[in-house]
Amino acid sequence: MNTSKTASLLSPYIPTPTRILQNFFSVFVGVSLFPSLIMSWQQLDGPLPSGLRSDEAAPEWMNKGDNAWELTAAALVGIQSVPGLIILYGSMVKKKWAVNSAFMALYAFAAVLICWVVWAHEMAFGEKMCRILGKPGFVVLGQKYLLMMEENGYIPNATFVFYQFAFAAITVILLAGSVLGRMNFYAWMVFVPLWLTFSYTIGAFTIWGRGILESRIIDFSGGYVIHLSSGVAGFTAAYWVGPRLAEDRQHFPPNNIISMLGGAGFLWVGWTGFNGGSPLAANLISSLAVLNTHICTATSLFVWLSMDMLVYKKSSVMGAVQGMITGLVCITPAAGIVEPWAAGLMGVISGSIPWYTMMVLHKKSSFFKKVDDTLGAFHTHAVAGTLGGLLSGILAKPSLLRLYYGNTERGPGLLYGLIQGELMDGLKQMSFQIIGAVFVASWNVVITSFICIFLSRFLNLRMDEGALEIGDDAAHGEEAYALWGDGEISPPYPRRRHLTIPTLCRRC
């Protein structure tokens, strides 16, 4: 037997002065802490602190932390629209359209809320009527339903209804960006509830509710449901409404770039709640989603800005805002199910491909030239949203999918399918991502066209030429700034007459 080897094996068990002191200290600390441990254990059996106890207003099933975060997230999404997009739209357009553009956003926010609580929420998340549509209902107006536990989280239904309303409202407002500067406001008033009812609720139910693609599509926060639908519907509506005046199409400068940056700031920071609230809980996935959102957005802004500087030799503020938006949109369907390095990669792609489609392809294509998409929503939302959905099918990490969806048929992403030897599963997920994009785009083209054709039978979709020359004053009798000389019907104040000084008062 090898004695040296035996000694080395037994060395951890041979007592030494140092080990004796260590053992004595451990015993001393354990004995001294034992009474306090017993007291702590006894306190666990006693009453909870008053702030943690359940009562009639805070039932046992409700997680106060999750509910507080979800209400905050819903408020952040609402702030993206009011005042975020109101300021952004009112600043990005020509001065004579500032009031009309901002008012279209404000009206849509209010109209969507009424429609959402009366019937649209149940059509998007209620009982199934068919594979792509839920049954319209009025249960959201009742206290019993609103104060019940939401089936996918430890929050009340009232919180979920408000959060999803904020999503629906911003979708319609994003759509408005394509038709600013010429759509008849009265036609817009009717268009909003019709499009919400027959288009948005279909996409939401099919992918997020109980529809046919609910268990297949990866769409974390609405790359397809919100951004692809608003971009395609906006582009389609722009086709049917018609273009702006030729002069406005050629020269449409923002009237206040500083305010535009303020609106963009509301949009960016508000996206913390947009993506961070989707798990319906304050958990690991919500934290990752928030960080990934900002990584992708900052990267996309930098890439878009770099492309502008390389090609046009100038750093464009408008370009930076567009790059910011494409980054926010692209990460939306993947925010909580990809790693940070993947979010950065998505930022590179969202800052370059939409830049090419907007700045190069749009100017070369006769089809794109024919359709007057005022703020380029097709590129910033439809293109970027589609990229985000497809990249989700490539970069989705299986462990994160399980954390978010639980036991799911989704995934893995194509990249991880290659790495883990599950190529067919990865290809299968990619096929569902493509099917989802085609379904949402096709549905919005058809339904938006039907709505516009229907409305054109009763209302003029486009303002008349005289009103288009004037702008806000013709549409609403109001102007954004107290300045005369850009589009008003008459001066806001009477011209001063030259005073005649009596002869006796004149100096000789």
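The coordinates are above.
Residues numbered from 1 in each chain as written. Predicted model: local features only at pLDDT ≥ 70, side-chain atom pairs only at ≥ 80, totals over all residues. Heavy atoms only, no water.

## Description of the layout of surface pockets
What counts, and what does not: A cavity, in this analysis, means grid points on a 1 Å lattice covering only the protein atoms where a 1.4 Å probe fits yet has no way out; a pocket is instead an open set bounded by protein on both sides within 12 Å along at least five of seven lines, and a residue lines either one if it has an atom within 4 Å of a point. Grid points are joined across faces, edges and corners, and a volume is the space filled by probe spheres set on the points. Going along the chain from the N terminus, every DSSP run of H or I of four or more residues is numbered as a helix, and every run of E of two or more is numbered as a strand. When residue character is reported, Ala, Val, Leu, Ile, Met, Phe, Trp, Tyr, Cys and Pro are called nonpolar, Asp, Glu, Lys and Arg charged, and the others, Gly included, polar.
Of the voids in this model, the largest pocket is the one considered here, and its volume is about 960 Å³. If you trace the largest pocket, you find 44 residues lining it, with Glu 150, Asn 152, Trp 208, Glu 214 and Leu 280 closest to the centre. Put simply, the parts of the chain that give the lining of the largest pocket at least two residues each are α4 (98–125), α6 (157–176) and α16 (398–405). With five residues, α6 is the largest single contributor of residues to the lining of the largest pocket. Residue classes in the lining of the largest pocket are distributed as 19 nonpolar, 15 polar and ten charged. Of the volumes computed, that of the second largest pocket is approximately 800 Å³. Lining the second largest pocket are 28 residues, with Met 318, Gln 322, Met 358, Met 359 and Thr 374 positioned closest to its centre. The set of elements that each furnish at least two residues to the lining of the second largest pocket consists of α9 (246–250), α11 (284–312), α12 (317–331) and α13 (340–364). If one sorts the elements of the lining of the second largest pocket by residue count, α13 sits on top with four residues. Residues that form the lining of the second largest pocket fall into these classes: eleven nonpolar, nine polar and eight charged.

## Some words on unusual backbone geometry
Here is the rule: Classification of residues uses two cut-offs on accessible area relative to the type maximum, computed with a 1.4 Å probe and protein chains only: under 20% is buried, over 50% is exposed, and between them is partly exposed.
Val 82 connects to Pro 83 through a cis peptide bond whose omega is 20°. Among the structural elements, Pro 83 can be located in helix α3 (residues 64–92). Its identity as a non-glycine residue notwithstanding, Leu 280 has a phi of 60°, on the positive side. Within the fold, Leu 280 resides in the loop between α10 (257–276) and α11. Since its relative accessible area comes to 6%, Leu 280 is described here as buried.

## Description of the environment of Leu 468
Short version of the rule: In this analysis, two residues are considered to be in contact whenever any of their non-hydrogen atoms come within 4.5 Å of each other.
Following the sequence through the fold, Leu 468 ends up in helix α19 (residues 465–470). Sequence separation between Leu 468 and Leu 245 is 223 residues, and the spatial gap between their C-alpha atoms is 7.0 Å. Ignoring any residue separated from it by four or fewer positions in sequence, one finds Leu 468 in contact with Lys 96, Trp 97, Gly 181, Arg 182, Leu 245, Asp 248, Arg 462 and Met 463.

## Structural notes on the pattern of salt bridges
Worth spelling out the cut-off: Whenever Lys or Arg places a side-chain nitrogen within 4 Å of a carboxyl oxygen from Asp or Glu, that contact is recorded as a salt bridge.
The full count for this structure, using the stated rule, is nine salt bridges. In this structure, Glu 465 engages Arg 462 in a salt bridge whose closest nitrogen and oxygen atoms are separated by 2.8 Å. Overall, Glu 465 belongs to the partly exposed group, its relative accessible area being 44%. For Arg 462, a relative accessible area of 22% puts it in the partly exposed group. Three or more residues joined by partner-sharing salt bridges are found here, namely Lys 94, Lys 96 and Asp 248.

## Examining the packing of aromatic side chains
Selection rule: Two rings from Phe, Tyr or Trp (for Trp, the six-membered ring) form a pair when their centres sit within 6.5 Å of each other. Planes less than 30 degrees apart are called stacked, planes more than 60 degrees apart edge-to-face, and all others tilted. Geometrically, a lysine NZ or arginine CZ counts as sitting over a ring once it is within 6 Å of the ring centre and also within 35 degrees of the ring normal.
According to the stated counting rule, one finds 24 aromatic pairs in the structure shown. Measuring from centroid to centroid gives 4.6 Å for Trp 271 and Phe 274, while their planes differ by 25°, and the two rings are stacked. A residue pair is termed a helical-turn pair when its members lie 3 or 4 positions apart in one helix, as Trp 271 and Phe 274 do in helix α10 at three residues. Across the pair, exposure class does not vary: Trp 271 and Phe 274 are buried alike. A network of ring pairs unites the aromatic residues Tyr 163, Phe 167, Trp 208, Trp 271 and Phe 274 as a single cluster. In this arrangement the basic side chain of Arg 244 is found over the ring face of Phe 252, its NZ or CZ atom lying 4.4 Å from the centre.

## Overview of the side chain of Asn 444
Where we set the bar: Under this definition, polar contacts are N or O atom pairs within 3.5 Å; protein pairs additionally need one hydrogen-donor-capable and one acceptor-capable atom, and for neighbouring residues in sequence, both atoms have to be side-chain atoms.
Its place among the elements puts Asn 444 in helix α18 (residues 423–456). Within polar-contact distance, the side chain of Asn 444 engages the side chain of Ser 199 at 2.6 Å. Leaving out residues up to four positions away in the same chain, Asn 444 has contacts with Trp 195, Ser 199, Ser 229, Val 232, Ala 233 and Ser 449.

## Regarding α12
Heads up, the condition is: One fewer than the residue count of a helix, multiplied by 1.5 Å, yields its expected span.
End to end, α12 covers 22 Å across 15 residues, agreeing with the expected 21 Å (1.5 Å per residue, within 8%). Residue Ser 316 occupies the N-cap position of α12, its side-chain oxygen lying 3.3 Å from the main-chain nitrogen of Met 318.

## A few points about the packing of helix α15 (residues 377–395) against α18
What counts is decided by this rule: Every axis in this analysis is a line fitted to C-alpha atoms, fitted for helices over the stretch in contact. Angles between the N-to-C directions lie between 0 and 180 degrees. Our angle categories are set so that under 35 degrees counts as roughly parallel, over 145 as roughly antiparallel, 65 to 115 as roughly perpendicular, and the remainder as oblique.
Contact geometry of α15 with α18 gives a least axis separation of 9 Å together with a crossing angle of 170°. Here α15 lies roughly antiparallel to α18, going by the angle between them. Residues Gly 389, Leu 390, Ser 392, Gly 393 and Ile 394 of α15 pack against Met 430, Gln 433 and Ile 434 of α18. For the contact of α15 with α18, the residue count by class is four nonpolar, four polar and no charged.

## Brief notes about the nonpolar core
Quick reminder of the rule: Residue types Ala, Val, Leu, Ile, Met, Phe, Trp, Tyr and Cys, when buried and joined through side-chain atoms within 4.5 Å, form a set referred to as a nonpolar core.
By size, the foremost hydrophobic cluster in this structure holds 95 residues, and its most contacted members are Tyr 89, Trp 116, Trp 188, Phe 191 and Tyr 200. Of the residues forming this core, the biggest block, 14 residues, is contributed by α6. The residues touching Trp 116, leaving out its near neighbours within four places in the chain, are His 121, Ala 124, Phe 125, Val 161, Gln 164, Phe 165, Ala 168, Leu 196 and Tyr 200. Among the nonpolar cores identified, the runner-up in size contains 23 residues, and Ala 289, Ala 335, Ala 342 and Ala 343 belong to it.

## Quick look at a nonpolar patch on the surface
Which entries qualify depends on this criterion: Residues enter a patch when their relative accessible area is above 30% and they make no salt bridge; the linking distance is 9 Å between like charges and 5 Å between nonpolar side chains (Val, Leu, Ile, Met, Phe, Trp, Tyr). In these tables, accessible area is a Shrake-Rupley quantity obtained with a 1.4 Å probe, and a residue counts as shielded only by the protein chains included in the view.
A contiguous nonpolar patch, built from Leu 418, Ile 419, Leu 423, Met 424 and Leu 427 and spanning about 520 Å² of accessible area, is present on the exposed surface. Only α17 (414–419) and α18 provide two or more residues apiece to the nonpolar patch. At three residues, α18 tops the list of elements feeding residues into the nonpolar patch. Looking at the secondary structure, you find Leu 423 in helix α18.

These figures come from the coordinates and say nothing about function on their own.
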